[in-house]
Amino acid sequence: MNAGTGTDAFIRPRTVAAPALRLVVFPHAGGSGSVYHPMTRVLPPTWDLLLLDLPGRGKRHTEPSITDMNTLVARITDDVLPFADGTPLALFGHSLGAVIASETARSLQALGLAPLWLGVSGRQAPGIQPAIRLLDPNLSDMEFVRRLTRLGGMPDRLNELPDFRDRFLQVVRSDLRALDSYRPDPEREPLSSALTVFASTDDALAPAPGAAAWAPETEGVFRRRLFPGGHFHFLADAFPAFTEALVAEIQEALGTLSSSSSTAGREGAS
């Protein structure tokens, strides 16, 4: 395993000795896993929450950012592998994180370790370019900050900390370059996992009507959830309700798994 991967890549808000499920969360461009820490207040106590930090930020701030999506997904797959140990596994990602989560799910499936459930938010389906390119990594700092602020993706009071601001913008630009390098194979096999797309009414980067285009990505159960708001609709006061919806989607997948297991058990006993 590569240095700086595996358990060192995750923020784990609590310790669960024998989890009923593991939920791995993949952050948005420029984000740290710590942004998703409030989820722990709503998740069932038997679920293990793993908040990923990508190279270049958070727990991995000393590692260089990765600007190639294939390389990034390979690294993240290494990070997740130790937790694909037979415990039901769910993956969720927002925006950049949606791409990484879906591609990591494919990598795990290729290894015979497909996750139970995949949740994606704030991203068009693979192979579909956003209708509006609001964020270009080559924009000037002033315009880049203006557009990030418009989307709601700027940390509070960032301009008061010039060194941190410059580092943050550098990380976001690297993440966007990784997205620009993303070229999914249109002929690849679909996932087997249940898939839920979380869309919002006013997301300019991932318009809600486009959520249906994710359906061919899986042979499993496909579901959509719609929320009011923009690209970061779930942050702040909306986080608990969003997490409750996410939990409900995973529990639906767990219920399907239990039903399938019961049916297989009855058939095997007959």
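All figures in this text were calculated on a predicted structure; none of them were measured in a lab.

A. Main features of the overall build of the protein chain. In terms of helices and strands, the protein chain carries 5 helices and 7 strands. Listed by position from the N terminus, the elements making up the protein chain come as β-β-β-α-β-α-β-α-α-β-β-α. For the protein chain, buried positions account for 50% of its 270 residues. In the protein chain, once contacts between residues fewer than 6 apart in sequence are set aside, the share between residues at least 24 apart is 78%. Entry remark: accessible area of the protein chain is about 12400 Å², with carbon and sulfur atoms responsible for 52%.

B. Structural detail: the nonpolar core. Ranked by size, the top nonpolar core spans 48 residues in total, and within it Phe26, Met69 and Leu91 carry the most contacts. Phenylalanine 26 has contacts with Leu52, Ile76, Val80, Leu91, Phe92, Gly93, His94, Gly97, Ile100, Ala101 and Thr104, leaving out every residue within four places of it along the chain.

C. How the structure looks around empty space enclosed by the protein. All told, the structure shown has 1 cavity of 30 Å³ or more when counted by the stated rule. Split into classes, the residues belonging to the lining of the largest cavity amount to 9 nonpolar, 4 polar and 2 charged.

D. Just the sheet that holds strand 2 (residues 21–26), in detail. With mixed pairing, 7 strands are arranged side by side in an open sheet as 1-3-2-4-5-6-7. The sheet terminates laterally at strand 1 (10–11) and strand 7 (222–227), the two strands that pair on one side only. In the sheet, strand 4 (residues 89–94) pairs with strand 5 (residues 117–121) via 5 bridges, with the strands oriented parallel. Looking across to strand 5, one finds that leucine 91 is bridged to leucine 118. Packing against the sheet, helix 1 (residues 69–80) makes contact with strand 1, strand 2, strand 3 (47–52) and strand 4, and its axis sits at approximately 155° to strand 2.

E. Structural view of the side chain of threonine 40. Residue placement: threonine 40 occurs in the loop between strand 2 and strand 3. Excluding residues that lie within four positions of it along the chain, threonine 40 makes contacts with Pro13, Arg14 and Leu49.

F. Highlighting unusual backbone geometry. A positive phi angle is found at serine 95, which is not glycine, with a value near 60°. Relative to the elements of secondary structure, serine 95 occurs in the loop between strand 4 and helix 2 (96–110). Non-glycine residue alanine 236 carries a positive phi angle of around 60°. Along the polypeptide, alanine 236 turns up in the loop between strand 7 and helix 5 (239–269). By relative accessible area, which is 61% here, alanine 236 ends up exposed.

G. View of the packing of aromatic side chains. For the structure on display, the rule yields 11 aromatic pairs. Relative to phenylalanine 83, the ring of phenylalanine 10 lies with its centre 5.3 Å away and its plane at 85°, an arrangement referred to as edge-to-face. Placement of phenylalanine 10 in strand 1 and of phenylalanine 83 in the loop between helix 1 and strand 4 is noted, with a sequence separation of 73 residues between them. On the basis of relative accessibility, which here comes to 1%, the residue phenylalanine 10 falls in the buried class.

H. Local environment of the packing of helix 1 against helix 2. With their axes 9 Å apart at the nearest point, helix 1 and helix 2 run at an angle of 65° to one another. Judged by the angle between their axes, helix 1 and helix 2 are roughly perpendicular. Here helix 1 and helix 2 pass one another in a crossing that is right-handed. The residues of helix 2 that touch helix 1, namely those facing Met69, Leu72, Val73, Ile76, Thr77 and Val80, are Leu96, Val99, Ile100, Glu103, Thr104, Ser107 and Leu108. Of the residues belonging to the contact of helix 1 with helix 2, the class tally is 9 nonpolar, 3 polar and 1 charged.

I. Spatial organisation of the pattern of salt bridges. Evaluation of the coordinates by the stated rule reveals 12 salt bridges. Between arginine 60 and aspartate 79 there is a salt bridge, and its shortest N-O distance comes to 2.8 Å. Within this pair, whereas arginine 60 is found in the loop between strand 3 and helix 1, its partner aspartate 79 is found in helix 1, the two being separated by 19 residues in sequence. Summarising the burial analysis for this pair, arginine 60 and aspartate 79 share the class buried. Each member of the salt-bridge network shares a partner with another, and the members are Arg12, Arg22, Asp48 and Asp85.

Calculation criteria
- Residues numbered from 1 in each chain as written.
- Predicted model: local features only at pLDDT ≥ 70, side-chain atom pairs only at ≥ 80, totals over all residues.
- Heavy atoms only, no water.
- Helix = DSSP H or I, 4+ residues; strand = E, 2+ residues; numbered from the N terminus.
- Buried < 20%, exposed > 50% of the residue type's maximum accessible area, 1.4 Å probe, protein only.
- Contact = heavy atoms within 4.5 Å.
- Areas by Shrake-Rupley, 256 points an atom, 1.4 Å probe, with all protein chains shown as cover.
- Core = buried A, V, L, I, M, F, W, Y, C linked by side-chain atoms within 4.5 Å.
- 1 Å grid on protein atoms, 1.4 Å probe; cavity = no way out; pocket = protein on both sides within 12 Å on 5 of 7 lines; lining within 4 Å.
- Points joined across faces, edges and corners; volume = space filled by probe spheres on them.
- Nonpolar A, V, L, I, M, F, W, Y, C, P; charged D, E, K, R; others polar.
- Pairing = 2+ DSSP bridges.
- Axes fitted to C-alpha atoms, helices over the stretch in contact; angles between N-to-C directions.
- Phe/Tyr/Trp six-rings, centres within 6.5 Å; stacked < 30°, edge-to-face > 60°.
- Parallel < 35°, antiparallel > 145°, perpendicular 65-115°, else oblique.
- Left-handed = near helix turned anticlockwise from the far one by under 90°.
- Salt bridge = Lys/Arg side-chain N within 4 Å of Asp/Glu carboxyl O.

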